[in-house]
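# Observations on chain architecture
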Amino acid sequence: MSSTIDARGLSCPQPVLLALQAMKKIDRGPLIVLVDTDTSKENVLRAAASQGWREEAIQEQGGEYHITLTKASL
Amino acid sequence: MAAQWNFFATRNGIITVGAVIGVLAPLLQKFGNPGNMGICVACFERDIAGGVGLHRAAVVQYIRPEIVGFVLGAMLAAYLFKEFRSRAGSAPIVRFILGMFAMIGALVFLGCPWRALFRLAAGDGNAIFGLLGLVGGVGLGVLFFKSGYNLGRSQTTYASVGWLLPLVMLGLLILMLLFPQIPGKDLSGILFYSVKGPGAQHAPLLISLGIGLLMGVICQRSRFCTMGAFRDLLLFRQVHLLSGIIALLVTACITNLVLSQFKPGFENQPVAHTMELWNFGGMVLAGLAFALAGGCPGRQLFLAGEGDGDAAVFVLGMIVGAGIAHNFLLASSPQGVGQYGIAAVVIGLLVCLGIGFTMRQKV
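Below: a short report on this structure. (Residues numbered from 1 in each chain as written. Chains lettered and ligands numbered in written order. Predicted model: local features only at pLDDT ≥ 70, side-chain atom pairs only at ≥ 80, totals over all residues. Heavy atoms only, no water.)

## What to know about the overall build of chain B
The helix and strand tally for chain B stands at 14 helices and four strands. Taken over C-alpha atoms, the radius of gyration comes to 19 Å for chain B, in line with the 21 Å a tight globule of 363 residues would show. The principal-axis extents of the C-alpha atoms in chain B amount to approximately 55 × 40 × 40 Å. Sorting the 363 residues of chain B into buried and exposed places 61% on the buried side. Looking at chain B as shown, the accessible area adds up to about 13,400 Å², and 71% of this sits on carbon and sulfur atoms. Across chain B, the centroid of the 23 positively charged side chains sits 5 Å from that of the 12 negatively charged ones. (Helix = DSSP H or I, 4+ residues; strand = E, 2+ residues; numbered from the N terminus. Rg over C-alpha atoms; globule rule 2.2 N^0.38 Å. Buried < 20%, exposed > 50% of the residue type's maximum accessible area, 1.4 Å probe, protein only. Areas by Shrake-Rupley, 256 points an atom, 1.4 Å probe, with all protein chains shown as cover. Lys, Arg positive; Asp, Glu negative; His and termini not counted. Charge placed at Lys NZ, Arg CZ, Asp CG, Glu CD.)

## Regarding the interface of chain A and chain B
A common way to state how big an interface is: give the accessible area lost once the parts meet. Each partner contributes residues to the interface: chain A has 26 residues there, and chain B has 24 residues. Both faces considered, chain A and chain B share a buried interface measuring about 2,100 Å² in area, 47% of it formed by carbon and sulfur atoms. Across the chain A-chain B interface, the total number found is four salt bridges. Counting every contact that joins chain A to chain B gives 12 residue pairs in polar contact (both at pLDDT 80 or more). Looking at the side of chain A that touches chain B, the elements with two or more residues in it are α1 (14-26), α2 (38-50) and β3 (53-61) of chain A. (Contact = heavy atoms within 4.5 Å. Buried area = accessible area lost by both parts, 1.4 Å probe. Salt bridge = Lys/Arg side-chain N within 4 Å of Asp/Glu carboxyl O. Polar contact = N/O pair within 3.5 Å; in protein donor to acceptor, adjacent residues only side chain to side chain.)

## A word on the sheet that holds strand β2 (residues 31-35) of chain A
Residue and element names in this part refer to chain A. Read from one edge to the other, the open sheet built from four strands follows the order β1-β2-β4-β3, with strand pairing classed as mixed. Two strands close off the open sheet at either side, each with one partner strand: β1 (3-6) and β3. If you compare each strand with its neighbour and ignore which way they point, the axes differ by 20° on average. Where β1 meets β2, four bridges bridge the pair, whose relative direction is parallel. Following the sheet pairing, Ile5 is matched in β2 by Val33. Contacting β1, β2, β3 and β4 (64-71), α1 runs over the sheet at an angle of about 170° to β2. Against the sheet, α2 contacts β2, β3 and β4, and its axis sits at roughly 5° relative to β4. (Pairing = 2+ DSSP bridges. Axes fitted to C-alpha atoms, helices over the stretch in contact; angles between N-to-C directions.)

Shown next as structure tokens:
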């Protein structure tokens, strides 16, 4: 099961909150998080790492980041 | 496209930034800034409000170049690293009101979160109540976040929208150069200058501006945020930002010891009062307002520098709030809380709680 979180335009700490909620719901991922600032990207990646998730891919399109996250294998 | 690596966003980076601020702020005090106020975003914005005549408290009027530097330095960094993005439209009137009450709360305590740390690092025990209040206010904000509080999305907009607050700051600097301080005079052209009190105490302009610019650059890169440090700890159990705050506190304390600026105690501390409850209460209000708006006053300046028009509205709310705080006798002084300061804190808390309760989305 995969899911996409649109956190574009949301200010701190909303992108991290939404991403963490989604991680709880979808178990292993993949989870795609859309953000539009470097700060949100860094915060989401840091929060994901703290939950045992890892960055699968990051694509930048027109100043927006599409972050693909999956649960790191145990 | 590979993401650009940002040293300042790492744990070592944020610790470095905290340590740099912890050394430079006490040095600014040594160079002439007010006692235990190497840098205070709230106090300095209050001084700017006085400098342009939004209030007539004669002892706190000066266009602080550090604030100008913060915004322009952040803008410079944002452009250099391709992070300047003009955006606006996320509940601007709410952010303005939050900025106003954040300033009122900070002026009841007599300092922003940065100054609370610098006061503690210089031995002012009253700062402990302020910091406890800050954590309490941020804690209230965290409860709202957990129950769906959200100011809504901003939108990408014209580049000129993001330039406006930096241009205002540049304008203030130009005014300062056009109408420089005249020794012993309280007015130079259209600008007010304190001849005594904290507003009269300042480091040389170029040093203040240079340090402000440097801090603007490194804080934009590191996303340094004092409120965020406590919020992330309470909300996510993350200590990333907190490690920068601890570095700031430790290095500021050491620097004060080296410069003989460390004087432990509660009584007769510079630009401070000893009313514990209202040191606490003022910062509960400020902390809640910062949390609901998404950043401490320094962070709002850095965000405004990288094009965030909503953060700019918060900054303008703080500057207007400083005018209100002094015109309506809300701000504290070393003698204690202003005549209507307690009422203002209570009203501010009710307003912020109202904002928190009514702006929640089901998640």
